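The residues making up each chain are set out below.
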Amino acid sequence: MKHFILFVIRLLMYLPGKVTSCGGLYFRWNLLVNQCYAALISHRFASAKDLCVLGKPVMIRGGQNIHLGKSVTLGKDCRLETTSNYHGQSFSPVLTIGDHAVVQTLCHIGCINRVEIGRFVTIAERTLVIDHHHGDTSLQETQLPPRERKLVSRGPIIIGDCVAIGENCIIMPGVTIGEHSQIGGGSVVTHDIPPYSVAVGNPARVIKTIRR
């Protein structure tokens, strides 16, 4: 039944472009289809209210550990995943995205520990937010194929309210980004960023403090 519903949604997305050249009509039709798809996947999360999607698919794994606030927006091909069990390891992951946050196209958020994304946060395209990695730097671990290494978390990721994260960023484990901060595109955040900061680079460093 689920596959049939997804087929119908794909068909609805395909037909308007073939039967009309009216951009306004296509936009409204596409909006309706996205609303239907959002309603279809909302039940896969522990909580989600007024979910908005910008296209399909949205890839979800371990949705029972993912809590979405009100009016969260998810872009096409974004990937949200929590892992509770992996090669004999057990975890208690919690992934929370606050009210009115936007996670854009092709973003990947992975969690075995805790990832908290605040209200009104914007995460631009192709950004990675992940609180773990495969293995450590010991000789024993590096001799194993990467997929066979244990998952290791060096701490939760906390992103405060009203943070703006640019395209192609990487937010590493154990990092807190303070509220109202801005992270420039292409940055790799390896350490805490204070509130009201502008940070750029690899590794990201604060280049400006926004005065209050």
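Structure: see above.
Residues numbered from 1 in each chain as written. Predicted model: local features only at pLDDT ≥ 70, side-chain atom pairs only at ≥ 80, totals over all residues. Heavy atoms only, no water.

With that settled, the discussion passes to the pairing of strand 6 (residues 79–82). Here strand 3 (residues 59–61) runs beside strand 6; their pairing, made up of three bridges, is parallel. Paired with Met59 across the two strands is Arg79, which belongs to strand 6. Inspection of the sheet shows strand 6 paired to strand 11 (residues 108–111) by four bridges, in the parallel sense. Within strand 11, the residue paired with Arg79 across the bridge is His108. (Pairing = 2+ DSSP bridges. Helix = DSSP H or I, 4+ residues; strand = E, 2+ residues; numbered from the N terminus.)

In this section: the pattern of salt bridges. Summed over all chains, the structure comprises six salt bridges. With its nearest N and O atoms 3.5 Å apart, the salt bridge here joins Glu81 to Arg61. A residue pair is termed long-range when its members are at least 10 positions apart, and Glu81 in strand 6 and Arg61 in strand 3 qualify at 20 residues. On the accessibility criterion, Arg61 (41% relative accessible area) is partly exposed. For Arg119, the salt bridge is made with Asp161, and the minimal N-O distance between the two is 3.2 Å. Highlighted residues: Arg119 in the loop between strand 12 (114–117) and strand 13 (122–123) and Asp161 in the loop between strand 17 (157–159) and strand 18 (164–165), separated in sequence by 42 residues. (Salt bridge = Lys/Arg side-chain N within 4 Å of Asp/Glu carboxyl O. Buried < 20%, exposed > 50% of the residue type's maximum accessible area, 1.4 Å probe, protein only.)

Okay, the state of the cysteines next. In this structure the tally under the stated criterion is zero disulfides. In this model Cys169 remains outside any disulfide bridge; the closest cysteine sulfur is found in Cys107, 9.4 Å from its own. Residue Cys169 is classed as buried on the basis of its relative accessible area, which comes to 1%. (Disulfide = S-S within 2.5 Å.)

Such coordinate-based values are descriptive only and should not be taken to indicate function.
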